[in-house]
Structures are given as structure tokens and as C-alpha cells.
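Below, each chain spelled out in residue letters.
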Amino acid sequence: MLSFGSFSLWFVRRPVDRFSLCVRRLSLPTKSDANEAATEEQLLGFPGGSVELKLHEESDGENSGLALITMNNPRRRNAFSGAMMVEMRRAVEKLEVWKHGKGLILHGSGNTFCSGSDLNAVRALSTTKDATMMSLYMQNTLARLLRLPILSVALVHGKALGGGAELTTACDFRLMSPSGEICFVHKHMGLVPGWGGATHLSRILGPCTTLRIIAGATRLGPIGFGIGLGRCNS
Ligand SMILES: CCC(=O)SCCNC(=O)CCNC(=O)[C@H](O)C(C)(C)COP(=O)(O)OP(=O)(O)OC[C@H]1O[C@@H](n2cnc3c(N)ncnc32)[C@H](O)[C@@H]1OP(=O)(O)O
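Rules used in this analysis
- Residues numbered from 1 in each chain as written.
- Predicted model: local features only at pLDDT ≥ 70, side-chain atom pairs only at ≥ 80, totals over all residues.
- Heavy atoms only, no water.
- Core = buried A, V, L, I, M, F, W, Y, C linked by side-chain atoms within 4.5 Å.
- Buried < 20%, exposed > 50% of the residue type's maximum accessible area, 1.4 Å probe, protein only.
- Helix = DSSP H or I, 4+ residues; strand = E, 2+ residues; numbered from the N terminus.
- Expected span 1.5 Å × (residues − 1).
- Contact = heavy atoms within 4.5 Å.
- Arc of directions from axis to C-beta.
- Salt bridge = Lys/Arg side-chain N within 4 Å of Asp/Glu carboxyl O.
- Phe/Tyr/Trp six-rings, centres within 6.5 Å; stacked < 30°, edge-to-face > 60°.
- Lys NZ or Arg CZ within 6 Å of the ring centre and 35° of its normal.

Counting 44 residues, the largest nonpolar core has Phe80, Leu106, Phe113, Leu167 and Ile182 as the members making the most contacts within it. Counting residues per element, the ones that place at least two in this core are β4 (63-72), α3 (82-96), β5 (103-108), α5 (128-146), β6 (151-156), α6 (163-169), α7 (197-205) and α8 (207-216). Tallying contributions element by element places α3 first for this core, with 7 residues.

Put into C-alpha cells, the structure is as follows:
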């Protein structure tokens, strides 16, 4: 059993149905094309923060098969700068080819999971085309995260807002601390979830509940978590 703070990730150590996990590979979206290269160049113009991937090594040098992704931009509550979007893609690409992978934990540094897109970067994307390309880029990253042939857990400590809420839906499991909160705040900005989170949430909860949650920007804390989105662990 792996302990991470007060969370116990027993299920990461369960025997994994390798076949059904590997089948996910078959539906991977295509790799970066020329448009994506141009999008990445533009995103790298919005620096700040980092996304760090650690592949867990055991003391004898053996690979345990567990990986940790840390979203790290605490000054902006782990909001995603453009550079972080590219780093997240690189992390997913590394995990796609990690032969010994079994489990992944996604978490944010400090007291926030992730506050979504960096609003400064969003405002600076001046054309509809640029904003669409950023959304498609993140949709592709999240779809690939979800389809990794390993079990993934979003460790929701603090708030997961906007794109941060969407990120939690791209993991197999969501585990919340008592301070955890998931909220699709997009409607307050006149947006729909642009990173693919509505599709992923609908897969987890069904279309009616998803519509209610997204249209209402409902705050999902651990107490109201009985809807089946995840588990709370004190
Ligand atoms: C895909 C579409 C999207 O994701 S759109 C983005 C949706 N996200 C949001 O609207 C979240 C906006 N942020 C908040 O509601 C609050 O900052 C939250 C996360 C609740 C944290 O509150 P609190 O702990 O009181 O901190 P604070 O508000 O003083 O913020 C600290 C500094 O961080 C910044 N920050 C926060 N979120 C973002 C963000 N998404 N993009 C850019 N900057 C962000 C704040 O502006 C603040 O900065 P500063 O210290 O005033 O310079």
C-alpha cells in the first residue's frame, strides 16, 4: 500500500487488468501535428510555474511503477500558464511510453489542486482561433491522460476550479481531502468547459447530472460527494 499524506492508495497496488488498460492505447489521439507545434510555440510565450513528473524509484533501483505529477504555480494557486500546458503534455507523452507504469497521482503544490487556466494567458490569447487551438491542445492532453494504460488518481487537496475541475475528470479516480472542492466555474465567465471536462464528467455521472453541475457551477465538496464522483478521505 502506498501512503501519500493521509491518503491510502491501496487500489494502485491491486492486480491490474493489463488487457483492458492496454486496450486504451488503441484509441489514442494522433501525436502532435504541425498545428500543435505552432500552438506550443505560442503557449511557451506565457511562462510561469511548472509541471513536474517523478517516476518513483525504489531504494534498490527497481521501478515501482508509480508516478507523481505535481502542478506547481503556488503564487497563482497552480493556475496553468502556457508553459505548464506544454509541460503537462510532455509528462503525458513520457507516461505513454513508460513500460513499467502501474499508477499515477496528480496533485497540486500547496493548498490548491489547480485554479484552471492562468487568466492572464487566457486574456492575452487575442483571437478566437488562438483560444480554440489552446482548448483543442488541452483536450488532446486530457484525453491522452485518461487513456494512459495505468490507473490514475486526482488527489484533490483544496480547490479544483475551471480547467482544474476538468483535470480531475481526466483521472480514473478522484480522492478528496476535507478541504477539497471541485467546481466548474466556467459559466461565470460565459464559457463552457473547453478542455473536454464536460465529456469526461458525463462519462462518470451521466448527462443529466453533468448538465446540472456545469450549468449551476455547483460546488462539489467532500460532504456532497455522494453523487459518485469520487471518495473523501479524512
Ligand atoms: C479552462 C477555463 C478556465 O480554467 S478559466 C479559469 C477559472 N478559474 C478561476 O476563475 C479561479 C480564479 N481564482 C479564484 O477563484 C481564487 O484565486 C482561488 C483559486 C479560490 C484562491 O483564492 P485565494 O486563496 O483567496 O487566493 P487569491 O484569490 O488571493 O489568489 C492568489 C493569487 O493567485 C492569482 N490567481 C488565482 N487564480 C488564478 C488564475 N486562474 N489565473 C491567474 N491568476 C490566478 C490571483 O490573481 C492572486 O494573484 P495576486 O496575488 O493578486 O497577484
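In this fold, Leu175 is placed in strand β8 (residues 173-176). Taking the C-alpha atoms as reference points, Leu175 and Cys232, 57 residues apart in sequence, are found 5.7 Å from one another.

It is worth spelling out α5 at this point. The terminal C-alpha atoms of α5 lie 27 Å apart, and with 19 residues this matches the ideal 27 Å at 1.5 Å per residue to within 8%. Taken residue by residue, α5 has Asp130, Met134, Ser135, Tyr137, Met138, Asn140, Thr141, Leu142, Ala143, Arg144, Leu145 and Leu146 as its buried positions. Taken together, the buried residues of α5 touch α2 (34-43), α3, β5, α4 (119-124), α6 and α7.

All right, on to α8 then. Note: α-helices contain 3.6 residues per turn, so residues at a spacing of three or four share the same orientation. Every buried residue of α8 is accounted for by Thr209, Thr210, Ile213 and Ile214. One side of α8 carries all its buried residues, which in axial view fall inside an arc of 120°. In α8, the exposed positions angled more than 90 degrees off the buried face are occupied by Pro207, Cys208, Leu211 and Arg212. Where the residues of α8 are buried, they touch α7.

What follows is about the pattern of salt bridges. Opposite charge on two side chains permits pairing when their charged atoms draw close. Inspection of every chain in the model, using the stated rule, returns 8 salt bridges. We note a salt bridge from Arg144 to Glu93, for which the minimum N-O separation is 4.0 Å. Highlighted residues: Arg144 in helix α5 and Glu93 in helix α3, separated in sequence by 51 residues. Grouping residues by exposure puts Arg144 and Glu93 together as buried. Glu96 is the salt-bridge partner of Arg144, the closest N and O atoms lying 2.9 Å from each other. Here Arg144 is found in helix α5, whereas its partner Glu96 is found in helix α3, with 48 residues between them in sequence. Glu96 matches Arg144 in its accessibility class, with the two residues each being buried. Within the structure, one salt-bridge network assembled from shared partners comprises Glu40, Arg90, Glu93, Glu96 and Arg144.

Glancing now at unusual backbone geometry. Residue Arg77 is not a glycine yet carries a positive backbone phi of 55°. By the element assignment, Arg77 lies in the loop between β4 and α3. Non-glycine residue Ala217 carries a positive phi angle of around 45°.

Under the counting rule described, the total for this entry stands at 1 aromatic pair. Their ring planes at 70° and their centres at 5.8 Å tell us that Phe80 and Trp195 sit as a pair that is edge-to-face. Here the residue Phe80 occupies a position in the loop between β4 and α3, and Trp195 occupies one in the loop between β9 (181-183) and α7, the gap between them amounting to 115 residues. For the residue pair Phe80 and Trp195, the accessibility class agrees, reading buried in each case. The ring of Tyr137 carries Arg89 above its face, with NZ or CZ at 4.2 Å from the centroid.

Nothing here speaks to function; it is all geometry.
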